[in-house]
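The chain contents come next:
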Amino acid sequence: MNLSYTQGEETFAAEIREWLSANLEPTPMFESLEEEVAWGRRWQARLAGARWVGIAWPSAFGGRGASPVEVAIYNTEYARAGAPQPVNRVGVNLAGPTLLAHGTDEQKARWLARILSAEDLWCQLFSEPDAGSDLASVTTRAERDGDRWVLNGQKVWTSYAQFAQWGLCLARSDPAAPKHAGLTFFAVDMTAPGIEVRPLVQITGDAEFNAVFLDDVAVPGDAVIGGVGHGWTVAGTTLSHERGTAFPFKEQVVHEIYLHDLYHEALSSGALDDPAVADRLAQCAVLAQVFRVHNWRTMSRMARGEEPGAESSIVKLAWTALTQELSEAALDVVGPASVLGGRWGRQWLWSKAASIAGGTSEIQRTIIGERLLGLPK
Ligand SMILES: Cc1cc2nc3c(=O)[nH]c(=O)nc-3n(C[C@H](O)[C@H](O)[C@H](O)COP(=O)(O)OP(=O)(O)OC[C@H]3O[C@@H](n4cnc5c(N)ncnc54)[C@H](O)[C@@H]3O)c2cc1C
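Everything numeric in this text was worked out from a predicted model, so none of it was measured.

**Q** I would appreciate a short explanation of the overall build of the protein in the present structure.
**A** Per the secondary structure count, the protein includes eleven helices and eight strands. Buried residues in the protein amount to 40% of all 377 residues. Partitioning the intrachain contacts of the protein with sequence separation of at least 6 by distance along the chain shows that 71% fall at a separation of at least 24.

Take a look at the structure:
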């Protein structure tokens with residue numbers, strides 16, 4: 001395998017590097033999540049103005065039609081520069097690819113540009129109190145009422161719902177149909193009457209996610225994405241992008257920077273003299289390499305024009321292993337008191353979510369077993 005860049009790819013890398021060095025300002029310390037989101041929207045609008053967000057999208061919709069290799073280069077340079085993640089992550093990584101794959105021309109024209117510019121933030125209304133891993137069990141009801149739908153139910157763990165204008169919502173439109181066939185995928189206006197968003201405080205002290213209650217929420221018929229009864233297929237596209245294309249390269253570089261910083265901290269504090277700490281850091285370096293190789297494989301797959309598919313579960317697992325091992329190693333290096341505050345403590349607390357968010361590790365292993373290894377169900 002030849003892993004070096006072509007001349008054109010080198011030029012592309014130089015272009016994004018130059019733009020970031022001319023435009024990226026240091027991220028301020030924020031007093032609140034509201035402040036952080038407002039700042040993030042301005043930064044994303046600037047990225048979108050120069051077409052440096054959603055670059056894989058077709059140019060007709062504000063992207064650059066970038067190849068998977070260009071996306072990898074972009075993600076690498078973006079992370080190396082220390083640029084903050086676009087605030088409209090669900091919009092760019094999940095809603096956009098879902099609309100591009102299943103949306104009508106009208107829906108694409110209506111939503112895609114506003115996703116890139118962060119005029120509309122999106123959230124993902126999938127999980128429910130009794131439907132997380134077993135997502136096809138969602139019970140939020142969608143009942144037809146003339147040419148509109150009326151939604152009732154409860155969603156939970158909805159990240160950034162308190163800031164979102166739109167939600168990607170999976171709901172049961174036909175309770176009599178088999179479990180997977182009775183689902184429909186909607187774009188729900190989060191400001192519609194009947195929606196109540198209640199923030200949930202997590203272990204880090206932040207309240208990024210929420211419980212969302214839908215009480216007789218009217219949704220117009222043209223907000224169905226991918227056709228009535230096809231919600232499971234559409235949700236599959238969303239999830240494969242969440243696990244497969246949202247992680248590669250960017251996360252790899254972020255983790256490599258963590259590892260580099262941690263190594264230097266261990267070296268200067270003398271913690272590296274402890275063989276157990278040295279072993280743990282070596283293990284992190286191995287996991288970082290494993291993650292890198294899985295990223296390359298996903299990229300090759302996409303370069304062949306294939307969807308990320310079930311292999312995205314391997315990427316997600318490799319990312320989880322690296323995230324959690326690095327956080328444990330950090331605790332060994334800087335001591336357990338770091339949990340009380342600071343960069344490593346916060347990262348350690350957050351890392352607990354890595355094996356849950358976007359589908360738990362047990363579920364990823366089941367997908368790998370059944371769909372990639374062909375093991376019996
Ligand atoms: C940081 C974070 C952000 C999130 N953001 C969103 C969001 O924006 N929108 C959204 O819709 N959801 C979001 N989620 C929810 C997430 O998708 C769910 O938490 C996840 O799918 C697991 O569902 P659950 O919490 O209901 O756990 P459950 O499904 O109840 O699982 C509980 C435990 O049982 C295990 N288990 C369940 N079924 C099986 C099985 N068949 N085989 C083996 N083990 C099994 C699980 O692995 C887990 O350990 C977020 C979660 C986190 C942590």
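Continuing now.
**Q** Can you walk me through the domain arrangement of the protein in this structure?
**A** Where interface size is quoted, it is often the accessible area lost as the parts come together. When cut into domains, the protein gives domain 1 (7-87), domain 2 (122-229) and domain 3 (247-372). A C-alpha centroid distance of 31 Å is found between domain 2 and domain 3.

**Q** Even after reading the chapter, I still don't get the site of the ligand, so can you show me in this structure?
**A** Looking at the ligand, there are 18 residues lining it, with Phe-126, Gly-132, Ser-133, Trp-157 and Thr-360 nearest. Contributions of two or more residues to the shell around the ligand are made by strand 1 (122-125), strand 3 (148-159) and helix 11 (361-372). Taken together, the residues of the shell around the ligand break down into eight nonpolar, nine polar and one charged. No fewer than three residues from each of domain 2 (122-229) and domain 3 (247-372) sit in the shell around the ligand.

**Q** What is the right way to read the packing of helix 1 (residues 7-23) against helix 3 (residues 68-80) from this model?
**A** When two helices pack together, their arrangement is given by the angle between the helix axes and the distance between those axes. Interaxial distance between helix 1 and helix 3 falls to 10 Å at its minimum, and their mutual angle equals 35°. The interaxial crossing formed by helix 1 with helix 3 has right-handed handedness. Of the residues in helix 3, those in contact with Glu-9, Phe-12, Ala-13, Ile-16, Arg-17 and Leu-20 of helix 1 are Val-69, Glu-70, Ile-73, Tyr-74, Glu-77 and Tyr-78. When grouped by side-chain class, the residues that make up the contact of helix 1 with helix 3 number eight nonpolar, no polar and four charged.

**Q** Is there a simple way to explain the environment of Ser-127 in this structure?
**A** Assignment of secondary structure puts Ser-127 in the loop between strand 1 and strand 2 (141-145). Taking the number of C-beta atoms within 10 Å as the measure of exposure, Ser-127 has 18 and is therefore partly exposed. The spacing of Ser-127 and Leu-170 is 43 residues in sequence and 8.8 Å in space, taken between C-alpha atoms. When neighbours within four sequence positions are excluded, Ser-127 is seen to be in contact with Gly-132, Lys-155, Val-156 and Trp-157.

**Q** Hey, could you run me through the packing of helix 7 (residues 250-269) against helix 8 (residues 275-303) in this one?
**A** Viewed as axis vectors pointing N to C, helix 7 and helix 8 meet at an angle of 165°, and their least axial separation amounts to 10 Å. In terms of orientation, helix 7 and helix 8 fall into the roughly antiparallel class. At the point where helix 7 passes helix 8, the crossing takes the left-handed sense. Where helix 7 abuts helix 8, its residues Gln-252, His-255, Glu-256, Leu-259, Leu-262, Tyr-263 and Ala-266 lie against Val-277, Leu-281, Cys-284, Ala-285, Ala-288, Phe-291, Arg-292 and Asn-295. Across the contact of helix 7 with helix 8, the residue classes tally to ten nonpolar, three polar and two charged.

**Q** Help me understand the nonpolar core in this model?
**A** The nonpolar side chains of soluble globular proteins are, as a tendency, buried together. Trp-122, Ala-164, Phe-186 and Val-188 are the most contacted members of the largest nonpolar core, which totals 60 residues. Residues within four places of Trp-122 in sequence aside, it is in contact with Asn-88, Val-90, Gly-91, Ala-95, Ile-115, Ala-164, Trp-166, Gly-167 and Leu-168. With 21 residues, the next largest nonpolar core counts Ile-314, Ala-318, Ala-329 and Val-334 among its residues.

**Q** Honestly, the pairing of strand 2 in this entry has me stumped. Any pointers?
**A** Regular strands place side chains that alternate from one sheet face to the opposite one. Looking at chain direction, strand 2 and strand 3 are connected through five bridges and run antiparallel. Within the sheet, the bridge partner assigned to Arg-144 lies in strand 3 and is Trp-149. With antiparallel pairing between neighbouring strands as the criterion, strand 2 and strand 3 make up a hairpin whose turn holds two residues, including Gly-146 at a positive phi of roughly 65°.

**Q** Please explain helix 8 as it appears in this structure.
**A** Since the α-helix packs 3.6 residues into each turn, any two residues three or four apart lie on the same face. Between the first and last C-alpha of helix 8 there are 42 Å, a value that for 29 residues agrees with the 42 Å anticipated at 1.5 Å per step. Buried within helix 8 we find Arg-280, Leu-281, Cys-284, Leu-287, Phe-291, His-294, Asn-295, Thr-298, Met-299 and Met-302.

**Q** Explain unusual backbone geometry here, please?
**A** Backbone geometry follows two general trends: most residues other than glycine have a negative phi, and most peptide bonds adopt the trans configuration. The backbone of Arg-51 shows a phi angle near 60°, a positive value even though the residue is not glycine. Tracing the backbone shows Arg-51 in the loop between helix 2 (33-49) and helix 3. Using a count of 16 C-beta atoms within 10 Å as the deciding quantity, one classes Arg-51 as partly exposed. Phi angles above zero are rare outside glycine, and Tyr-160 is one such case at about 60°. Following the sequence through the fold, Tyr-160 ends up in the loop between strand 3 and strand 4 (166-172). Look at Tyr-160 and you get buried, because 21 C-beta atoms sit within 10 Å.

**Q** What's the story with the environment of Arg-346 in this structure? I'm lost.
**A** Inspection of the secondary structure puts Arg-346 in helix 10 (residues 342-351). Along the backbone, Arg-346 and Pro-26 are 320 residues apart, and their C-alpha atoms lie at a distance of 20 Å.

Thresholds, definitions, all that
Residues numbered from 1 in each chain as written. Predicted model: local features only at pLDDT ≥ 70, side-chain atom pairs only at ≥ 80, totals over all residues. Helix = DSSP H or I, 4+ residues; strand = E, 2+ residues; numbered from the N terminus. Buried ≥ 20, exposed ≤ 12 C-beta atoms within 10 Å, placed from the backbone. Contact = placed C-beta atoms within 7 Å. Domains from an automatic or database assignment. Near = placed C-beta within 6 Å. Nonpolar A, V, L, I, M, F, W, Y, C, P; charged D, E, K, R; others polar. Axes fitted to C-alpha atoms, helices over the stretch in contact; angles between N-to-C directions. Left-handed = near helix turned anticlockwise from the far one by under 90°. Parallel < 35°, antiparallel > 145°, perpendicular 65-115°, else oblique. Core = buried A, V, L, I, M, F, W, Y, C linked by C-beta atoms within 7 Å. Pairing = 2+ DSSP bridges. Expected span 1.5 Å × (residues − 1).

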